[in-house]
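Listed below are the residues making up each chain.
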Amino acid sequence: MVSLAAVTLLSGCSSTVSGVPQPSTTIAAGSPSGKGLSKLLVDPADFPARYEAIVLPAQAVSMAAPDLTGVPQGAEVDPADCAPPAQHYGPTGTVMAVGTDNASRSTISVELTRTDTPLDELAAQTKKCGEVTVTDSGAESTVTTEVMPAPPVRADDTLALRRTVKSGNESDKVTQSMVTLIAQVGDVRVSATFMSFGDAKADTVALDEVFTAAVQKVQNS
């Protein structure tokens, strides 16, 4: 059983990540071919050098991807209709690459999924479900998500989110903080997430660089 924190060797507590995503590169919109998602995924070499990147195997993806929503597989969500949609993990459903900056104990994760659900449905759900309670094996956490200004890349649709997951009690509180950039290209959804368990501010420059490379590869495939 591997979570994103375990995959990237991250641990510890943090304060909320600050910073607003500021992507600047424009990309021509288009529809990717019917290739498997693994062939569309950004290369580890496209991450900034300080982010040591790997492509996750399928069994790790099934544990790591839910970390980016703050809702582990099988967890209960209150309100129930705020639960994230079910995903299929593997080369035809969801693939991931993760880069880790060990100095700041932060990561940038790129996730590709195939979906025919409009991205504006996720935006609408986020606005309705700004704060939810998640219960997993008796442990409770609070997930707060807000919609940020959309990244200015040319795609079928774009979205940006800031998410904070708080768990534990007052003496042992853990805060997981994220900024996520999302683009829909045909039936492929491209997400890039900066996540920290430390005091680092969101590295929006590196996040923009990786997100742009990820969207560009899907566009060109």
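The structure under discussion appears in the preceding block.
No experiment lies behind these values; they were computed from the predicted model shown.

Quick notes on the rules
Residues numbered from 1 in each chain as written. Predicted model: local features only at pLDDT ≥ 70, side-chain atom pairs only at ≥ 80, totals over all residues. Heavy atoms only, no water. Helix = DSSP H or I, 4+ residues; strand = E, 2+ residues; numbered from the N terminus. Buried < 20%, exposed > 50% of the residue type's maximum accessible area, 1.4 Å probe, protein only. Areas by Shrake-Rupley, 256 points an atom, 1.4 Å probe, with all protein chains shown as cover. Salt bridge = Lys/Arg side-chain N within 4 Å of Asp/Glu carboxyl O. Patch = residues over 30% accessible without salt bridge, like charges linked within 9 Å, V, L, I, M, F, W, Y side chains within 5 Å. Lys, Arg positive; Asp, Glu negative; His and termini not counted. Charge placed at Lys NZ, Arg CZ, Asp CG, Glu CD. Contact = heavy atoms within 4.5 Å. Pairing = 2+ DSSP bridges. Core = buried A, V, L, I, M, F, W, Y, C linked by side-chain atoms within 4.5 Å. Axes fitted to C-alpha atoms, helices over the stretch in contact; angles between N-to-C directions.

(A) Region of the structure containing the overall build of the chain. Looking only at helices and strands, one finds five helices and nine strands in the chain. Along the chain, helices and strands appear, N-terminal first, in the series α-α-β-α-β-β-β-α-β-β-β-β-β-α. Across the 221 residues that make up the chain, the buried fraction comes to 49%. Surface accessibility of the chain: about 10000 Å² in total, with carbon and sulfur atoms responsible for 50%.

(B) Region of interest: the pattern of salt bridges. Taken as a whole and judged by the stated rule, the model has five salt bridges. Residue Lys-217 pairs with Asp-43 through a salt bridge whose shortest N-O separation is 3.1 Å. Here Lys-217 is found in helix α5 (residues 204-220), whereas its partner Asp-43 is found in the loop between α2 (37-40) and β1 (52-55), with 174 residues between them in sequence. Overall, Asp-43 belongs to the partly exposed group, its relative accessible area being 38%.

(C) A negative patch on the surface, seen in detail. There is a patch of like negative charges on the surface, built from Asp-120, Glu-121, Asp-156 and Asp-157. Assignment of secondary structure puts Asp-157 in strand β7 (residues 157-167).

(D) A look at the side chain of Gln-184. Checked against the element boundaries, Gln-184 lands in strand β8 (residues 174-185). Of the residues examined, Gln-184 reaches a relative accessible area of 6% and is grouped as buried. Excluding anything up to four places from it in sequence, Gln-184 contacts Thr-115, Leu-119, Ala-155, Asp-156, Asp-157 and Arg-189.

(E) The arrangement of the pairing of β8 in detail. Across the 12 residues that make up β8, a large majority, 11, are buried. Note: β7 against β8, 11 bridges, orientation antiparallel. By the bridge assignment for β8, Ser-167 is matched with Val-174. The hairpin formed by β7 and β8 contains six residues between the paired strands, and Gly-168 there has a positive phi angle of roughly 85°. Relative to strand β9 (residues 188-196), β8 is paired through nine bridges, and the arrangement is antiparallel. Within the sheet, the bridge partner assigned to Val-179 lies in β9 and is Phe-194. Here β8 folds back onto β9, and the loop between the two strands holds two residues, one of which, Gly-186, carries a positive phi near 60°.

(F) The arrangement of the nonpolar core in detail. Membership of the largest hydrophobic core comes to 32 residues, with the highest contact counts inside it found for Phe-47, Ile-108, Val-110 and Leu-112. Contributing elements (two or more residues each) for this core: α2, β3 (94-101), β4 (106-114), β8, β9 and α5. Per-element accounting of this core gives the leading share, seven residues, to α5. Sequence-distant contacts of Leu-112, defined by excluding residues within four places in its chain, comprise Leu-37, Leu-40, Leu-41, Gly-93, Thr-94, Val-95, Val-188, Arg-189, Val-190 and Val-218. In this structure, Ala-75, Tyr-89, Val-98 and Val-134 belong to the second largest nonpolar core, which totals 21 residues.

(G) Representation of the sheet that holds strand β6 (residues 139-148) in the model. Strands sit in the order β1-β3-β4-β9-β8-β7-β6-β5-β2 across an open sheet of nine strands; the sheet is antiparallel. Strands with a single pairing partner mark the edges of an open sheet, and in this sheet they are β1 and β2 (76-78). Sheet twist, expressed as the average angle between the axes of neighbouring strands with direction ignored, equals 20°. Alignment of β3 against β4, held across eight bridges, turns out to be antiparallel. In the sheet register, Val-98 faces β4, and the bridge partner there is Ser-109. Along the sheet face, helix α4 (residues 119-128) touches β6, β7, β8 and β9 and points at about 35° away from the line of β7. Against the sheet, α5 touches β4, β8 and β9, its axis set at about 30° to β8.

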